[in-house]
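# Understanding the architecture of this molecule
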Amino acid sequence: MESLFQYEIPYLHPLAVHFPLVLLLTAAGTATVWAVRGAAFWRRCTLLLTGLGMAGGLAAYWTGDDLYEGMEGTPIVEELVGLHEDLALYTLIVAALGLVTLAGLSVWLERRTTLERDPPDPLWARLVVAVLALAAGVLVALTAHAGSTMVWGVAP
């Protein structure tokens with residue numbers, strides 16, 4: 001165990017990237033359950049996971065430049081870093097759209113819930129959020145694949 005603390009990790013990016021990957025993929029799962037079941041519990045889970053995933057995505061995005069500067073000139077990095085960065089930006093945009101949409105819907109639905117007795121969340125709202133959450137999940141997975149290829153990829 002003591003040898004673990006003899007080393008340091010000079011870049012935060014490899015630590016930060018795991019949060020949006022796990023959280024946005026889990027949010028896609030809860031959004032899918034919400035789309036099927038319609039229960040407010042799943043909407044609230046999706047809102048929380050999407051918000052945390054978006055925050056983690058911003059941290060990963062902001063720490064990427066430092067790592068790139070340290071790896072600049074590596075052929076596989078030079079080949080894939082543009083694609084990786086573009087996919088990360090698309091992930092953030094779609095996740096932000098999902099978060100804003102879901103937050104707005106949640107305010108409206110929570111207010112409506114106080115006026116009526118436990119109405120089901122409307123199907124159209126659940127489907128819109130599910131599509132955005134699934135798109136963010138696919139994009140974050142593609143971003144992670146491009147990043148992991150830069151680190152672990154080998155030519156056949």
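Now for a description of the structure that goes with this document.

The rules we used
- Residues numbered from 1 in each chain as written.
- Predicted model: local features only at pLDDT ≥ 70, side-chain atom pairs only at ≥ 80, totals over all residues.
- Heavy atoms only, no water.
- Helix = DSSP H or I, 4+ residues; strand = E, 2+ residues; numbered from the N terminus.
- Buried < 20%, exposed > 50% of the residue type's maximum accessible area, 1.4 Å probe, protein only.
- Salt bridge = Lys/Arg side-chain N within 4 Å of Asp/Glu carboxyl O.
- Phe/Tyr/Trp six-rings, centres within 6.5 Å; stacked < 30°, edge-to-face > 60°.
- Axes fitted to C-alpha atoms, helices over the stretch in contact; angles between N-to-C directions.
- Parallel < 35°, antiparallel > 145°, perpendicular 65-115°, else oblique.
- Left-handed = near helix turned anticlockwise from the far one by under 90°.
- Contact = heavy atoms within 4.5 Å.

## Some words on the overall build of the protein
The number of helices and strands found in the protein is five helices and zero strands. In sequence order, the secondary structure elements of the protein are arranged as α-α-α-α-α. Expressed along its principal axes, the backbone C-alpha trace of the protein runs to roughly 60 × 35 × 25 Å. Going through the 156 residues of the protein one by one, you find that 37% of them count as buried.

## Section: the pattern of salt bridges
Applying the stated criterion across every chain, the model contains three salt bridges. Ionic pairing is found between Arg43 and Glu110, a salt bridge with its closest N-O pair at 2.9 Å. With Arg43 in helix H3 (residues 40–71) and Glu110 in helix H4 (residues 75–115), this pair connects stretches of sequence that are 67 residues apart. Overall, the relative accessible area of 27% leaves Glu110 in the partly exposed class. Residue Arg44 is joined to Glu110 by a salt bridge in which the shortest nitrogen-to-oxygen separation is 2.8 Å. Here Arg44 is found in helix H3, whereas its partner Glu110 is found in helix H4, with 66 residues between them in sequence. Exposure remark for Arg44: the relative accessible area of 44% places this residue in the partly exposed category. Put simply, Arg43, Arg44, Glu110 and Asp121 are held in one network by salt bridges that share partners.

## Re the packing of aromatic side chains
By convention here, two paired aromatic rings are described through the distance between centres and the angle between planes. This structure, assessed with the given rule, holds two aromatic pairs. Each ring, one from Phe41 and one from Trp42, has its centre 5.1 Å from the other, and the planes form 80°; the classification is edge-to-face. Between Trp108 and Trp124 the ring centres are 6.2 Å apart and the planes differ by 40°, which places this aromatic pair in the tilted class. Placement of the pair is Trp108 in helix H4 and Trp124 in helix H5 (residues 123–152), with a sequence separation of 16 residues. The class of Trp108 is partly exposed, set by a relative accessible area of 41%.

## Notes on the packing of helix H2 (residues 18–37) against H3
The geometry of H2 relative to H3 is characterised by a closest axis approach of 8 Å and an angle of 160° between their N-to-C directions. Between H2 and H3, the angle falls in the class roughly antiparallel. Regarding H2 and H3, the two cross each other, and that crossing is left-handed. Here Phe19, Pro20, Leu23, Leu24, Thr26, Ala27, Thr30, Ala31, Val33, Trp34 and Arg37 of H2 lie close against H3, whose contacting residues are Trp42, Arg43, Cys45, Thr46, Leu49, Thr50, Leu52, Gly53, Met54, Gly56, Gly57 and Ala60.

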